[in-house]
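Results of the structural survey
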Amino acid sequence: MSIRIQPVHHKSLAERAAGKLAASILDGSLAAGSQLPPERELMSQLMISRSTLRESLKTLEDNQLIESRRGIGWFVRKLDDASLAKGKEMVQDADASSRSATREPNTAPLRVPIAPEKPIHIPNLKTDRLGTFEFISWWDREKVQKAKVLVIGAGALGNEVIKNLALMGIGNLFIVDFDKVEAANLSRSVLFREADNNRSKAEVAAARAKSVNPDVHVQYMNGDVTTQLGLGIIRRMDVVIGCLDNREARLAVNRFCYWVNKTWVDGAIQELLGLVRTFKPGEGACYECTLTEQALRDLSMRYSCPLLARQNILLGKVPTTPTIASIIGAMQSQEALKVINDMPIQPGKVTHFNGMVNEMHTTAYVPREDCQSHWTYGEITELPARAEHTTLADLLRIARADLGPDAMIELDQELITSLECSNCNTKEEILRPLSEVTFEDGHCPTCGILRESNLTHIITGDENFLHRTLASVGVPSLHILRAHNGLEYRFYELTGDLQDALHFRHFERMKINLIDGKTSGRVRLKEPVKLEGLHVHPASGRVKFSS
Ligand SMILES: [Zn+2]
Ligand SMILES: [Zn+2]
């Protein structure tokens, strides 16, 4: 038998309340099978806040004294020996602490304010679009208005997420999609109109987000997240939301987020089924951890013919409904809102929703020790360099100054150096990033058969193309590049691109017109996007950014 030697400390309000409720259960005033009074009543009887009450109820539930019946409320369970003993222990602990508390001056608060740090502010609901949110105890208006969110994918899920984020006044939205609007999207995408046919999804979604809420700043990129989005953009976000429909893109986003230590919220839908999961580097499983051996094998198989792999991704289409997109998109938006407000989240867990039987359940994934994604960049050096102007030789010179003569650069994307035809024994020099070479390009112009592609992603200094710019070998603006000497890594950001690559000023003119009252706030997509008040000048020295 062990003896507790620690003195009895002040119990939390929640523990004391749990003790009082346990006492009522043990003395029969709350009988087995009976329902507990409503939360509001318990809060006033016990003089505690809702969150404290919930904590107490959770303790009672953990000790098998009560159980929750979904949608109805809390019920007293039939006690067994174990739960009876637990209940007695809870009552004793609470008694002991209230005795010790009475010996002290009466300094303990009777009632804990729900969110003491939140100043009281009475919004004007006639003029303040976001006023109602002020009544949410944990809503931090400043954090929400300053937040930067990257939404990857503007399909059915992306439309719902972007709509929600704009409605909630999330300050800055960056939207990425490589696809174009087509008729079939109109049944699932609240932000698209018939007249948008063949326009960039990212652009249309950004414009409509701006028209849903002109206070929101938007930026879009019509491109492929796996190759065209600079890591420096992800690095400056508060949270990333994946509205993707394929494993390849999810895997890429997962790795990028891990590299720059960013939380991301994944959503997936199919027919009436969907799931939401949040991944946070270093806390629980990541997306790659969730993939089975078979799935990882399938992915590497596809990479064995790189040109075909890309082709296949573009063909994948999943049947979805606007209703499941609303449900899952709403949950993703809420998770992102929680991240922005520093509310607790459950990284590494998945919530499945089955719309056929309306069941929802949450389970934790098991993190994999050997997961390839678990790698976070160290200190990032911000160079005044730009992808368009910096050559491989320039970057290699910088890396060698830091890491010595053996430094080499590791590109994220494979570079096709040449294509070789085994039939007619011809070799064509290419030197283009894999993403820019199509499956058709891969075929021999003479014999028509698929040629062998020679790839590289390591720049050692022996190459005959060191004069090429980073952009020309597929490095996106504001990217972060890796260099190493076999022992040590260094990370270099092309911070000279910052002002062009990350501005959140698309469709900004619209807001100005709205203030003048001159236009109806209609977004004219065909007009070129003007970046008001943005002066781009060549960066000099080390570039600092604020965040
Ligand atoms: Zn992992
Ligand atoms: Zn040939």
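Located above this text is the structure these notes cover.
Residues numbered from 1 in each chain as written. Chains lettered and ligands numbered in written order. Predicted model: local features only at pLDDT ≥ 70, side-chain atom pairs only at ≥ 80, totals over all residues. Heavy atoms only, no water.

**As for the overall build of the protein chain**
A count of helices and strands for the protein chain gives 17 helices and 16 strands. Looking at the protein chain as a whole, 47% of its 547 residues are labelled buried. Residue pairs in contact within the protein chain that sit at least 24 positions apart in sequence constitute 69% of those at least 6 positions apart. Carbon and sulfur atoms form 52% of the exposed surface of the protein chain, whose accessible area is close to 28600 Å². (Helix = DSSP H or I, 4+ residues; strand = E, 2+ residues; numbered from the N terminus. Buried < 20%, exposed > 50% of the residue type's maximum accessible area, 1.4 Å probe, protein only. Contact = heavy atoms within 4.5 Å. Areas by Shrake-Rupley, 256 points an atom, 1.4 Å probe, with all protein chains shown as cover.)

**Some details on helix H7 (residues 201–212)**
When the terminal C-alpha atoms of H7 are compared, their 16 Å separation across twelve residues agrees well with the 16 Å that a helix rising 1.5 Å per residue should span. With ten of twelve residues buried, H7 lies mostly within the body of the structure. Buried within H7 we find Lys-201, Ala-202, Glu-203, Val-204, Ala-205, Ala-206, Ala-207, Arg-208, Ala-209 and Lys-210. You can read the cap of H7 off the contacts: a side-chain oxygen lies 3.3 Å from the backbone nitrogen of Ala-202, and it is on Ser-200. (Expected span 1.5 Å × (residues − 1). Polar contact = N/O pair within 3.5 Å; in protein donor to acceptor, adjacent residues only side chain to side chain.)

**Here we look at the sheet that holds strand E9 (residues 349–354)**
Ordered by their spatial adjacency, eight strands build an open sheet running E5-E4-E3-E6-E7-E8-E9-E10, and the pairing between neighbours is mixed. Taken across any chain shown, the strands that pair with only one partner, and hence form the sheet edges, are strand E5 (217–222) and strand E10 (359–364). Within the sheet, the average angular offset between the axes of one strand and its neighbour, ignoring direction, is 15°. In this sheet, E5 lies alongside strand E4 (residues 172–177) in parallel orientation, the contact comprising six bridges. Along E5, the bridge assignment pairs Asp-177 with Asn-222. Here helix H6 (residues 156–167) sits on the sheet in contact with strand E3 (148–152), E4, strand E6 (239–242) and strand E7 (264–270), set at roughly 165° to E3. Its contacts with the sheet put H7 on E4 and E5, and the angle it makes with E5 is roughly 170°. (Pairing = 2+ DSSP bridges. Axes fitted to C-alpha atoms, helices over the stretch in contact; angles between N-to-C directions.)

**Observations regarding the coordination of the zinc ion (ligand 1)**
In the first shell of the zinc ion (ligand 1), the protein supplies Cys-286 (SG), Cys-289 (SG), Cys-371 (SG) and His-374 (NE2), at 2.0 to 2.3 Å from the metal. One can describe the site at the zinc ion (ligand 1) as tetrahedral: its four donor atoms subtend angles covering 96 to 122° at the metal. By relative accessible area, which is 7% here, Cys-289 ends up buried. (Donors = N, O, S within 2.8 Å, 3.2 Å for Na, K, Ca; no water. Tetrahedral: all angles 85-135°; square planar, octahedral: opposite > 155°, others 65-115°.)

**Topic: the coordination of the zinc ion (ligand 2)**
Protein ligation of the zinc ion (ligand 2) involves Cys-421 (SG), Cys-424 (SG), Cys-444 (SG) and Cys-447 (SG), the donor distances falling in the range 2.1 to 2.4 Å. The site at the zinc ion (ligand 2) holds four donor atoms, and with the angles between them running 102 to 115°, its shape is tetrahedral. Counting along the primary sequence, the residues that act as donors to the zinc ion (ligand 2) give the motif C-x2-C-x19-C-x2-C. Of this pair, Cys-424 sits in the loop between strand E12 (408–421) and strand E13 (426–433) while Cys-444 sits in the loop between E13 and strand E14 (452–459), and the two are 20 residues apart along the sequence. The partly exposed category is assigned to Cys-424, whose relative accessible area is 28%.

**Observations regarding the pairing of strand E1 (residues 66–69)**
For E1 and strand E2 (residues 73–76), the ladder comprises four bridges, and the chain directions are antiparallel. Paired with Ser-68 across the two strands is Trp-74, which belongs to E2. As consecutive antiparallel partners, E1 and E2 are separated by three residues, and within that stretch Gly-71 has a phi angle of approximately 80°, a positive value.

**Comments concerning the packing of helix H1 (residues 13–26) against helix H3 (residues 50–62)**
Helix-helix packing is characterised by the crossing angle of the two axes and by the distance between the axes. Two elements in contact, H1 and H3, have axes whose closest approach is 8 Å; the angle formed by their N-to-C orientations is 55°. Here H1 is positioned oblique relative to H3, judged by the angle of their axes. Along this stretch, H1 crosses H3, giving a crossing that reads as right-handed. Together, Leu-13, Ala-14, Ala-17, Ala-18, Leu-21 and Ala-22 of H1 and Thr-52, Glu-55, Ser-56, Leu-57, Thr-59 and Leu-60 of H3 make up the contact between the two elements. Grouping the amino acids of the contact of H1 with H3 by side-chain chemistry returns eight nonpolar, three polar and one charged. (Parallel < 35°, antiparallel > 145°, perpendicular 65-115°, else oblique. Left-handed = near helix turned anticlockwise from the far one by under 90°. Nonpolar A, V, L, I, M, F, W, Y, C, P; charged D, E, K, R; others polar.)

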